[in-house]
Amino acid sequence: MVSEIVLQYPVYSLENKLLLPAGTVLSESVLEELMSRAEDHPGCFLLQYGTVQRDLLHFLSEPPYQIIFHDPQQKMEMLRTMERVYLVLPVLRSLDYFKKYDYHTYRHMLMVFALSEMLAKELISEFHTKEPETISSPTHDIGKICVPLSILMKRTPLTKSEFHLLQHHTVAGYVLASYYLKNIDHIAARVARDHHERKSGTGYPRGTSKVDRMAEIVIVSDVYDALISPRPYRPISYDNRSALEVITEMAEKGEVSWDIVKVLISQNRREKPGIDEFVVSTERRGRNPAGNLHGITVDDDEEERQRIVA
Ligand SMILES: [Fe+2]
Ligand SMILES: [Fe+2]
């Protein structure tokens, strides 16, 4: 049963086709009707598409991923899993769109995918038999095609309404992934919808504490990659230790599960200890990088006032 969500903004395809207008209640019948309008599209293996494989290998060679994936066998296994991912062209074109207009998101989508697959292999028992259900494809942020680039690339604090529109990418991603994959229950669609939820019920869009295990793995990977990567709203990224501390704090607050955090920390160590073989340090030594605007919003009027003053 799909919980009902009301669209606050319209959902458009990359070709600017209106899929659902604002105000639509995402009931099962509305989504089924949308599925019936979905066309068939040819597809391609993800790693054979454009420069994806080359870019991915490049990103994996950069810190901290070169430590996380330093074991050649583990890296090879992850690539073999990714090699089986076959996607329809509109989904692959969304990667082209981000590569061209928002390179941070392009890189982020590939790295969250790689990291999630690696964590899933460690955390989901009998991963090999459940692989098709756990490959959530690099689509978790596909809904950002419905968010103006001026918001995605903004270097000053978002206004409250811009932040509200940014949050729309979860629900838009759910609609887009369901539509292109022709399945409202597809793991990629559920991950797109739920990757900003928290186990404590403090996330969005639904504020639910019940998310799929794979979605929870993507939640941790998403936060981690966002912290360690350069972003328009932050001139300097978090160092690796500080990023792991932020995620440890999330586990302390009950926002994400401890075992996922422990596997992430273990994978950051060259010797990859088992999660029962070490205690996570809760000592805080890292710090929030200077000039970080993440989570800071301004009132709409205030921004207008600042523009006038400037
Ligand atoms: Fe997101
Ligand atoms: Fe993300």
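Just so we're clear, the structure is a prediction, and the values are computed from it rather than from any experiment.

Q: Help me out: how do you make sense of the side chain of Ser178 in this one?
A: By secondary structure assignment, the location of Ser178 is in helix H9 (residues 160-181). Residue Ser178 is classed as buried on the basis of its relative accessible area, which comes to 0%. Once you skip the residues sitting within four places of it in the chain, Ser178 turns out to touch Met35, Asn183, Ile184 and Ala189.

Q: Looking at this structure, how should I read the coordination of the iron ion (ligand 2)?
A: Ideal values for angles at a metal depend on the geometry: 109.5 degrees with four tetrahedral donors, 90 or 180 degrees with six octahedral donors. Bound to the iron ion (ligand 2) are the protein donor atoms His108 (NE2), His140 (NE2), Asp141 (OD) and Asp222 (OD), situated 2.0 to 2.3 Å from the metal. Here the iron ion (ligand 2) binds four donor atoms, and the angle range of 82 to 174 degrees at the metal identifies the geometry as irregular. Counting gaps between the donor residues of the iron ion (ligand 2) yields the pattern H-x31-H-D-x80-D. Here the iron ion (ligand 2) and the iron ion (ligand 1) are spaced 3.5 Å apart, and both take Asp141 as a donor.

Q: Just to check I follow, could you spell out the coordination of the iron ion (ligand 1) for this structure?
A: The coordination sphere of the iron ion (ligand 1) contains the protein donors Asp141 (OD), His169 (NE2), His195 (NE2) and His196 (NE2), at a distance range of 2.2 to 2.3 Å. The coordination sphere of the iron ion (ligand 1) comprises four donor atoms, whose angles at the metal cover 85 to 173 degrees; the geometry is irregular. Counting residues between consecutive donors of the iron ion (ligand 1) along the chain gives the motif D-x27-H-x25-H-H.

Q: What is the right way to look at helix H4 (residues 72-83) in this model?
A: Residue pairs spaced three or four apart in an α-helix point in one direction, given the helix's 3.6 residues per turn. For H4, built from twelve residues, the straight-helix expectation of 16 Å at 1.5 Å per residue is met to within 8% by its first-to-last C-alpha distance of 16 Å. By the burial criterion, the buried members of H4 are Gln74, Met78, Leu79, Thr81 and Met82. Taken around the axis of H4, the buried residues stretch over an arc of 155 degrees, which confines them to a single face. Along H4, the residues that are exposed and aim more than 90 degrees away from the buried face are Pro72 and Gln73. Buried residues belonging to H4 abut helix H2 (52-60), helix H3 (65-68), helix H6 (103-123), helix H7 (127-134) and helix H13 (258-267). A side-chain oxygen of the first residue of H4 lies 3.0 Å from the backbone nitrogen of Gln73; this N-cap is Asp71.

Q: What is the right way to look at the packing of H2 against H4 in this model?
A: In a pair of packed helices, the angle between the axes and the distance between the axes together describe the arrangement. Across the interface, H2 lies against H4 with an axial gap of 13 Å and an inter-helix angle of 150 degrees. The angle between H2 and H4 places the two elements in the roughly antiparallel class. The hand of the H2/H4 crossing is right-handed. Across from Leu56, Leu57 and Leu60 in H2, the residues of H4 making contact are Lys75, Met78, Leu79 and Met82. A class-by-class count of the residues in the contact of H2 with H4 yields six nonpolar, no polar and one charged.

Q: Quick question: what am I supposed to make of the environment of Arg54 here?
A: When you line up the elements, Arg54 lands in helix H2. Counting along the chain gives 205 residues from Arg54 to Asp259, while the straight-line C-alpha distance between them is 32 Å.

Q: Looking at this structure, how should I read the packing of aromatic side chains?
A: In this description, a pair of aromatic rings is defined by centroid distance and the angle of the planes. Considering all chains together, one arrives at nine aromatic pairs under this definition. Seen in terms of ring centroids, Tyr65 and Tyr224 are 6.5 Å apart; in terms of plane orientation they differ by 85 degrees. Their pairing is edge-to-face. Here Tyr65, found in helix H3, pairs with Tyr224, found in helix H11 (residues 213-228); they are 159 residues apart in sequence, far enough to count as distant. We note that Tyr65, like Tyr224, is buried. In this structure an aromatic cluster arises from ring pairing among Phe59, Tyr103 and Tyr106. When the ring centre of Phe59 is taken as reference, the NZ or CZ atom of Arg107 above it lies at 5.7 Å. Across from the ring centre of Tyr174, 4.8 Å away, lies the NZ or CZ of Arg193, which sits over that ring.

Definitions and cut-offs
- Residues numbered from 1 in each chain as written.
- Chains lettered and ligands numbered in written order.
- Predicted model: local features only at pLDDT ≥ 70, side-chain atom pairs only at ≥ 80, totals over all residues.
- Heavy atoms only, no water.
- Helix = DSSP H or I, 4+ residues; strand = E, 2+ residues; numbered from the N terminus.
- Buried < 20%, exposed > 50% of the residue type's maximum accessible area, 1.4 Å probe, protein only.
- Contact = heavy atoms within 4.5 Å.
- Donors = N, O, S within 2.8 Å, 3.2 Å for Na, K, Ca; no water.
- Tetrahedral: all angles 85-135°; square planar, octahedral: opposite > 155°, others 65-115°.
- Expected span 1.5 Å × (residues − 1).
- Arc of directions from axis to C-beta.
- Polar contact = N/O pair within 3.5 Å; in protein donor to acceptor, adjacent residues only side chain to side chain.
- Axes fitted to C-alpha atoms, helices over the stretch in contact; angles between N-to-C directions.
- Parallel < 35°, antiparallel > 145°, perpendicular 65-115°, else oblique.
- Left-handed = near helix turned anticlockwise from the far one by under 90°.
- Nonpolar A, V, L, I, M, F, W, Y, C, P; charged D, E, K, R; others polar.
- Phe/Tyr/Trp six-rings, centres within 6.5 Å; stacked < 30°, edge-to-face > 60°.
- Lys NZ or Arg CZ within 6 Å of the ring centre and 35° of its normal.

In short, shape yes, function no, at least from these values alone.
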